[in-house]
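As a plain string of letters, each chain reads:
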Amino acid sequence: MIKFTKMHGLGNDYVYIDTIHQKIENESDLAQFVSNRNFGIGSDGLILICKSEKADFKMKMFNSDGSQAEMCGNGIRCVGKFVYDKGLTQKTEITIETLAGIKNLKLNVKNEKVETIKVDMGEPILEPEKIPVESKKMPVIDLKLKALEKEFNFTCVSMGNPHAITIVEDTEKFEVEKYGRILEIDSSFPNKTNVEFVQIIDKNHINMRVWERGSGETLACGTGACATTVACNLNGLCDRKVFVKLLGGNLEIEWNEKDNHVYMTGPAVTVFEGELL
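In this report, we go over the structure that sits alongside the text. (Residues numbered from 1 in each chain as written. Predicted model: local features only at pLDDT ≥ 70, side-chain atom pairs only at ≥ 80, totals over all residues. Heavy atoms only, no water.)

What about empty space enclosed by the protein?
Part 1 of the reasoning: The full count for this structure, using the stated rule, is 1 cavity of 30 Å³ or more.
Part 2 of the reasoning: The calculated volume of the largest cavity comes to roughly 60 Å³.
Part 3 of the reasoning: Lining the largest cavity we find Met61, Asn63, Ala69, Glu70, Met71, Cys72, Asn161, Asn194, Glu212, Arg213, Cys221 and Thr223.
Part 4 of the reasoning: Per-class residue counts for the lining of the largest cavity are 5 nonpolar, 4 polar and 3 charged. (1 Å grid on protein atoms, 1.4 Å probe; cavity = no way out; pocket = protein on both sides within 12 Å on 5 of 7 lines; lining within 4 Å. Points joined across faces, edges and corners; volume = space filled by probe spheres on them. Nonpolar A, V, L, I, M, F, W, Y, C, P; charged D, E, K, R; others polar.)

Structure representation (structure tokens):
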């Protein structure tokens, strides 16, 4: 019997399991099972809260197809809420180890529960070989790729995981699945990529839809919102502080000029708890 918690950040939902006090096996298979929305719990993936020798806690993330991912911005906010609300820590400033490095979180607590979280997502990665993406440009701007009959211009950024950002006229009408599934696996991306389709509203407001690597379209993507802010700023399309509107809600993103770090602020919500038999 394994205890789990279903949580979401702006509708980007995961199953969370405390592996500090529970032992699980076959993580990849378990991720595929719990993610299934017809025969499992239903989620965009599985996130494990583990012990860490480098930070307060360690986060292991698996997509719905069982593949392991480096980081998840919405997921890490939920990890912060999980460990505080469940009494695993009493600190309101914590560190989380991820495959994309150690992230610092500031927890906004209201009525003894975490409501919103500000995450220091670190510096954006712009070197093509580190994203990774096949390009000789640095930063990678105006990367032309074709999917079916349509050509796209991409700016590529990593926030510990790869992102390709392109501007579209209207995110509401854009066929994300039609093009996203093709662009995700384009040969330009050695490790595949997350694809962000972005509409510029003004210098401080962006609409974004995302095709997530290994999961398909999701309601939100925190690292994607961060990468999008960086990409749009590099192209002169937005300021360094932006409100990103996703299908599941809004995130506040700031690319700080002083330390070059990207900061993400947004909510985390517990949906329900249960047990896997």
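Let us keep going from here.
Structural notes on the pattern of salt bridges
Part 1 of the reasoning: Considering all chains together, one arrives at 13 salt bridges under this definition.
Part 2 of the reasoning: Note that arginine 37 and aspartate 44 form a salt bridge whose closest N and O atoms lie 3.2 Å from each other.
Part 3 of the reasoning: In this structure, the salt-bridge partner of aspartate 85 is lysine 81, at a minimum N-O distance of 2.7 Å. Remark: lysine 81 and aspartate 85 occur in helix H2 (residues 73–85); sequence separation between them is 4 residues, near one turn of the helix.
Part 4 of the reasoning: On the basis of relative accessibility, which here comes to 8%, the residue lysine 81 falls in the buried class.
Part 5 of the reasoning: Shared partners join several salt bridges into a network, and the residues in it are Lys6, Asp13, Arg37 and Asp44. (Salt bridge = Lys/Arg side-chain N within 4 Å of Asp/Glu carboxyl O. Helix = DSSP H or I, 4+ residues; strand = E, 2+ residues; numbered from the N terminus. Buried < 20%, exposed > 50% of the residue type's maximum accessible area, 1.4 Å probe, protein only.)

Concerning the layout of surface pockets
Part 1 of the reasoning: When its volume is computed, the largest pocket comes out at roughly 170 Å³.
Part 2 of the reasoning: Along its surface, the largest pocket is lined by Lys3, Phe4, Thr5, Tyr16, Asp18, His21, Gln22, Phe82, Lys86, Leu88, Glu273 and Gly274.
Part 3 of the reasoning: Listed by contribution, the elements that provide at least two residues to the lining of the largest pocket are strand E1 (2–9), strand E2 (12–18) and strand E18 (269–276).
Part 4 of the reasoning: In terms of residue count, E1 provides more of the lining of the largest pocket than any other element does, 3 residues in total.

Structural notes on the pairing of strand E6 (residues 93–98)
Part 1 of the reasoning: In terms of burial, E6 is a largely internal element, 5 of the 6 residues being buried.
Part 2 of the reasoning: For strand E4 (residues 57–63) and E6, the ladder comprises 2 bridges, and the chain directions are parallel. Note on E6: the bridge partner recorded for phenylalanine 57 is isoleucine 96.
Part 3 of the reasoning: Sheet topology note: the E6/strand E7 (residues 101–110) ladder contains 6 bridges and is antiparallel. Following the sheet pairing, glutamate 93 is matched in E7 by lysine 106.
Part 4 of the reasoning: The hairpin turn running from E6 into E7, its antiparallel successor, is 2 residues long. (Pairing = 2+ DSSP bridges.)

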